[in-house]
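The lines below spell out each chain.
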Amino acid sequence: MSAHALLLLLVYLLALLVLAVPLAPWLARVFDASAPAQAAHLPAWERRVFRWCGVDPAESFAWWRYALAIVAFNTLGALALYALQRVQGSLPLNPQGLAGVAPDLAFNTAISFVTNTDWQAYAGESTLSNLTQMAGLTVQNFLSAATGLSVMVALIRGFQHSEAAGIGNPWVDLCRITLRILLPLSIVLALVLAACGAVQTLAPNLVVHPVEATRFQAPVLDAAGQPKVDGKGQPVLADQVTHEQTLVLGPVASQEAIKMLGTNGGGFYNANSAHPFENPTPFTDFLQMLAIFLIPAASCLAFGQMVGDARQGRTLLAAMTVVFVVMALWAMHVEEGAHPALAALGVDTQGAGGGLAGNLEGKEVRFGSAESALFATITTAASCGAVNAMHDSFLPLGGLVPLVMMQLGEVIFGGVGSGLYGMLVFAITAVFLSGLMIGRTPEYLGKKITAFEMKMVSLAILVTPILVLVGSAIAVSVEAGTAGIANPGPHGFSEILYAFTSAGNNNGSAFAGLSANTPFYNGMLALVMWFGRFAVIVPVLGLAGALAARRRHATHAGTLPTHGALFVVLLVGTVLLVGLLNYVPALALGPIIEHLQLGGLQ
Amino acid sequence: MLFRTLRPALSLLILLTLLTGLAYPLLITAVAQVAFPVAANGSAIADKTAVTGSALIGQAFAEPGHFWGRPSATTPQPYNGLASGGSNLGPNNPALLDAIRVRAATLRAADPAQQAPIPVDLVTASASGLDPDISPAAARWQIGRVARVRQISPAALTALIEQHIVPRFWGLLGEPHVNVLALNLDLDQRFPVAGTPAPAVR
């Protein structure tokens, strides 16, 4: 571990705090002003918009109607995105003349963006038109983030309200969160990114004439367009020369901003935030890392303010930070280390004489090992899934970090909205467990936790591991699943486990060697993503409804305090216990075996 | 009930699509095109006759008289701007070590006199396949070869590289790096060679 890496992490955390602290009261104001009781205070234009949409902003929805609205809105969004991809070939803003997307891929991509996963089975620059990127993906980047935040606000209202029948108005929440939080922040970030070199244009490709001609070998195609093979089954290659380099341009900066702020993570380009047009400099990289954690961190503090006890929010933030720091240090330490087989090949991995240290396969020079490992930890701690380095090429114990961060259930900062509601679910579990241990009725923020709440909590916690583990088990058992593996041995299993972990937890990053653009993976992963999102959201809203209906008691001497260092320990313990008990056997079959094999490589 | 749910869902979807999917990207495009036209259009580098490249995107260099960049895993050709991406080879994959062995051998064959260990960024494929940069050490490692082909003093090249080193941002962010295209354009301008040897196929 270099001193530089430590300092980088420290400055990152400080900068995050400096930005999140002033954002928190703003978030709390927008959330509180969206409550049905405040409907009379909405500006006239907003009330007109709501009337036009058939919305009564003063109406508070019962939890199941709130859930129905959220699922209906997202289903329509998925249908619209699917349709847009299928017909993009005959629509404008398609400078490359790209054809409609295949049905299975369009289905996967639609579900992927609606669920805030942004798993990319496609390569953006060669698959999607500018119109699809803008009016399809960018829109769902906003709306899926707004969905997560709306559900989070509904759950917070469950704690705020006493003996209330409703948990808020989903239409008001969705609309105001998009327009008053996500859009202004995105405009600022998009302009900064564009100033630094992220492209933003509707112009067609930039064709350049490089200094040298590029000589390469390409497969020879037969009359049917298939690669020719020789007698040994190897493809026939022919020498080719090109004097041009074609660079795909597009409305990148605007998509990039909400991709990070909304913890979406779906890149304009295949290489995502490693592509210089998405993430041109170390400074933009730093901004992108901050943008991922900004709203999740500020949401914790806003939660404290909204329930009238700032310590509660700070405690959740502290628990998240503790786990994050340990995992980030681990990842940076591993990736700054060397691949053990390289020294024997006469390669310097120690950074002698102004060189770069660490495992540089799949990393960009301008970011280096430490910042790439930090980015990987952040993007998987939050359910962002953007990458500035290829996780597939991380060392085994380095690649373990993103995998574990996702398996903890995306509650270490987590997705916008979903991170906090996930963490609150764990907080209730922690309260319940300690209540059992000390023989007191479990209470959280003045609300009694009863059997119904615990049923909803158990559902929300158990859905994802079941989807991930059963999905991975099916994929390794059928030929259609193992056919996609790129790397031999246990790393192949890691690729599959990573894919289902990423889909089930709505992260979207990948061990990208896996050939996931097949009907099998497109279909399976889409289902895992959909249920990983909405089979959690529905019980969380059920929990919100039950809590809102309950009377809010004042805390008394017998109440277990849910703030302070002791509760941080309890909460972190609960998160780790649940996450690790679920996944340790699977991790042992993948990254841990890989690590044990690594020393034997020649 | 169904209509009461579907009407707001549909109208809000349309409204928010217009705002976030059209108005927002078009606003950013308009502002960026006026305020930062070079950056927003790909940071193109143009000489009198043609666009030579982008300041942000790497190019394939294989002639011994140029500095070489990172290996690129894009297909079918390296530095293919239409198909960004890394090798995605796992650390245990024999194909990874085979590729590194071949790259190291190519570098050593091009400059047998250079005995120092090869900086790791010269033998590992980048994440984007379009990485424009190498480390200062990776540039310095190639001085002997470039100096011999161009018949100039290594000291001149050392000085040239120094001018092109971009330090860490704020002394903290990222890593010190050298933009290979900028370095080679400067090299061609200051130390032109007549009749560069035919490039080797990589």
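As the structure is a computational prediction, the values presented were derived from the model and not from experiment.

Concerning the overall build of chain B
And then number 1: Along chain B, the regular secondary structure elements total seven helices and six strands.
And then number 2: Counting from the amino terminus, helix and strand elements in chain B follow one another as α-α-β-β-α-β-β-α-α-α-β-β-α.
And then number 3: For the C-alpha atoms alone, the extent of chain B along its principal axes is close to 80 × 45 × 35 Å.
And then number 4: Burial status across chain B gives 52% buried among its 202 residues.
And then number 5: Intrachain contacts of chain B at a sequence separation of at least 6 include 58% that bridge at least 24 residues.
And then number 6: Here chain B holds 14 positive side-chain charges and 11 negative ones, and the gap between their average locations is 7 Å.

Let's talk about the sheet that holds strand β4 (residues 133-134) of chain B
One key point about sheets: their strands pair by backbone hydrogen bonds, in either a parallel or an antiparallel sense.
Residue and element names in this part refer to chain B.
And then number 1: Judged by pairing direction, the sheet is antiparallel, and its three strands sit side by side in the order β4-β6-β5 without closing on themselves. With one partner strand each, in any of the chains shown, β4 and β5 (165-166) form the two edges of the open sheet.
And then number 2: Bridge analysis of β5 against strand β6 (residues 177-179) gives two bridges, and the strand direction is antiparallel. Opposite Val166, over in β6, you have His177 as the bridge partner.

Re the packing of aromatic side chains
Residues and elements named next belong to chain A.
And then number 1: By the definition in use, this model includes 21 aromatic pairs over all chains.
And then number 2: On the numbers, 6.5 Å between centres and 40° between planes, the contact of Phe113 with Tyr122 is tilted. The two residues Phe113 and Tyr122 agree in class, both being buried.
And then number 3: Look at Tyr444 and Phe567: their rings are 6.4 Å apart centre to centre, the planes differ by 25°, and that puts the pair in the stacked class. Taken together, the residues span a long stretch of sequence, with Tyr444 in strand β6 (residues 443-444) and Phe567 in helix α18 (residues 565-598) at a distance of 123 residues.
And then number 4: For Phe567, a relative accessible area of 1% gives the class buried.

A few points about the domain arrangement of chain B
And then number 1: The domains assigned to chain B are domain 1 (1-40) and domain 2 (42-190).
And then number 2: Just the C-alpha atoms count here: the centres of domain 1 of chain B and domain 2 of chain B sit 40 Å apart.

Comments concerning unusual backbone geometry
And then number 1: Between Thr75 of chain B and Pro76 of chain B the backbone carries a cis peptide bond, its omega angle lying at -10°.
And then number 2: Its identity as a non-glycine residue notwithstanding, Thr263 of chain A has a phi of 45°, on the positive side.
And then number 3: Within the secondary structure, Thr263 of chain A is located in the loop between α8 (252-261) and α9 (282-306).
And then number 4: The residue Phe413 of chain A is not glycine, and still its phi comes out positive at about 75°.
And then number 5: Mapped onto the secondary structure, Phe413 of chain A falls in the loop between α12 (396-407) and α13 (418-438).

Considerations on the interface of chain B and chain A
And then number 1: Of the residues lining the interface, 109 residues belong to chain B; the matching set on chain A comes to 124 residues.
And then number 2: Of all residues in chain B, Tyr24, Asn88 and Asn92 of chain B give up the largest surface area on contact with chain A, accounting jointly for 8% of the area buried on that side.
And then number 3: Between chain B and chain A we count two salt bridges in total.
And then number 4: One salt bridge in this structure joins Arg4 of chain B and Glu59 of chain A, with 2.9 Å as the shortest N-O distance.
And then number 5: Counting the contacts that link chain B with chain A gives 42 residue pairs in polar contact (both at pLDDT 80 or more).
And then number 6: Counting residues per element, the ones that place at least two in the side of chain B that touches chain A are α1 (2-35), α2 (37-40), β2 (51-54), α3 (94-110), β3 (118-119), β4, α4 (136-141) and α7 (180-190) of chain B.
And then number 7: With 26 residues, the top contributor of residues to the side of chain B that touches chain A is α1 of chain B.

Observations concerning the environment of Lys455 of chain A
And then number 1: Summarising the element assignment, Lys455 of chain A is placed in helix α14 (residues 451-477).
And then number 2: Given the relative accessible area of 56%, Lys455 of chain A is considered exposed.

Points about empty space enclosed by the protein
Residues and elements named next belong to chain A.
And then number 1: For the coordinates displayed, the defined rule picks out six cavities of 30 Å³ or more.
And then number 2: When its volume is computed, the largest cavity comes out at roughly 380 Å³.
And then number 3: In this structure, the largest cavity is lined by 28 residues; those nearest its centre are Gly409, Ala460, Thr464, Asn505 and Val536.
And then number 4: Looking at the lining of the largest cavity, the elements with two or more residues in it are α13, α14, α17 (519-549) and α18.
And then number 5: Residue classes in the lining of the largest cavity are distributed as 13 nonpolar, 13 polar and two charged.

What to know about the packing of helix α4 (residues 103-114) of chain A against α17 of chain A
Residues and elements named next belong to chain A.
And then number 1: Where α4 meets α17, the closest approach of the two axes is 9 Å, and the angle between their N-to-C directions is 20°. Judged by the angle between their axes, α4 and α17 are roughly parallel. Once α4 is placed against α17, the crossing between them reads as left-handed. Touching Asp104, Leu105, Phe107, Asn108, Ile111, Ser112 and Val114 of α4 are Pro519, Tyr521, Asn522, Gly523, Leu525, Ala526, Met529 and Trp530, all from α17.

Some remarks on the nonpolar core
And then number 1: With 188 residues, the main nonpolar core has Phe324, Ile412 and Tyr444 of chain A as its most contacted residues.
And then number 2: Not counting the four nearest positions on each side in its chain, Phe324 of chain A is found in contact with Leu9, Tyr12, Leu13, Phe293, Leu374, Thr377, Ile378, Ala381, Ile412 and Phe413 of chain A.
And then number 3: In this structure, Ala341 and Leu342 of chain A together with Ile118 and Leu160 of chain B belong to the second largest nonpolar core, which totals 36 residues.

Points about α13 of chain A
All names here are of chain A.
And then number 1: For α13, built from 21 residues, the straight-helix expectation of 30 Å at 1.5 Å per residue is met to within 8% by its first-to-last C-alpha distance of 30 Å.
And then number 2: Where burial is concerned, most of α13 is hidden: 16 out of the 21 residues are buried.
And then number 3: Immediately downstream of α13, the backbone of Gly439 shows phi near 70°, a positive value.

Some remarks on the packing of helix α3 (residues 63-87) of chain A against α17 of chain A
All names here are of chain A.
And then number 1: At their nearest, the axes of α3 and α17 sit 8 Å apart, and the two run at 155° to each other. Relative to α17, the element α3 lies roughly antiparallel. Along this stretch, α3 crosses α17, giving a crossing that reads as right-handed. Here α3 contributes Trp63, Tyr66, Ala67, Ile70, Val71, Asn74 and Thr75 to the contact with α17, which in turn contributes Trp530, Phe534, Ile537, Val538, Leu541, Gly542 and Gly545.
And then number 2: Grouping the amino acids of the contact of α3 with α17 by side-chain chemistry returns 10 nonpolar, four polar and no charged.

Topic: the environment of Ala127 of chain B
And then number 1: Structurally, Ala127 of chain B can be placed in the loop between β3 and β4.
And then number 2: Expressed as a C-alpha distance, the spacing of Ala127 of chain B and Gln189 of chain B, which sit 62 residues apart in the sequence, is 30 Å.
And then number 3: Non-local contacts of Ala127 of chain B, meaning those with residues more than four positions away in its chain, are made with Ala271, Ala274, Gly362, Lys363, Glu364, Asn388, Ala389 and Met390 of chain A together with Gly85 and Gly86 of chain B.

Rules used throughout
- Residues numbered from 1 in each chain as written.
- Chains lettered and ligands numbered in written order.
- Predicted model: local features only at pLDDT ≥ 70, side-chain atom pairs only at ≥ 80, totals over all residues.
- Heavy atoms only, no water.
- Helix = DSSP H or I, 4+ residues; strand = E, 2+ residues; numbered from the N terminus.
- Buried < 20%, exposed > 50% of the residue type's maximum accessible area, 1.4 Å probe, protein only.
- Contact = heavy atoms within 4.5 Å.
- Lys, Arg positive; Asp, Glu negative; His and termini not counted.
- Charge placed at Lys NZ, Arg CZ, Asp CG, Glu CD.
- Pairing = 2+ DSSP bridges.
- Phe/Tyr/Trp six-rings, centres within 6.5 Å; stacked < 30°, edge-to-face > 60°.
- Domains from an automatic or database assignment.
- Buried area = accessible area lost by both parts, 1.4 Å probe.
- Salt bridge = Lys/Arg side-chain N within 4 Å of Asp/Glu carboxyl O.
- Polar contact = N/O pair within 3.5 Å; in protein donor to acceptor, adjacent residues only side chain to side chain.
- 1 Å grid on protein atoms, 1.4 Å probe; cavity = no way out; pocket = protein on both sides within 12 Å on 5 of 7 lines; lining within 4 Å.
- Points joined across faces, edges and corners; volume = space filled by probe spheres on them.
- Nonpolar A, V, L, I, M, F, W, Y, C, P; charged D, E, K, R; others polar.
- Axes fitted to C-alpha atoms, helices over the stretch in contact; angles between N-to-C directions.
- Parallel < 35°, antiparallel > 145°, perpendicular 65-115°, else oblique.
- Left-handed = near helix turned anticlockwise from the far one by under 90°.
- Core = buried A, V, L, I, M, F, W, Y, C linked by side-chain atoms within 4.5 Å.
- Expected span 1.5 Å × (residues − 1).

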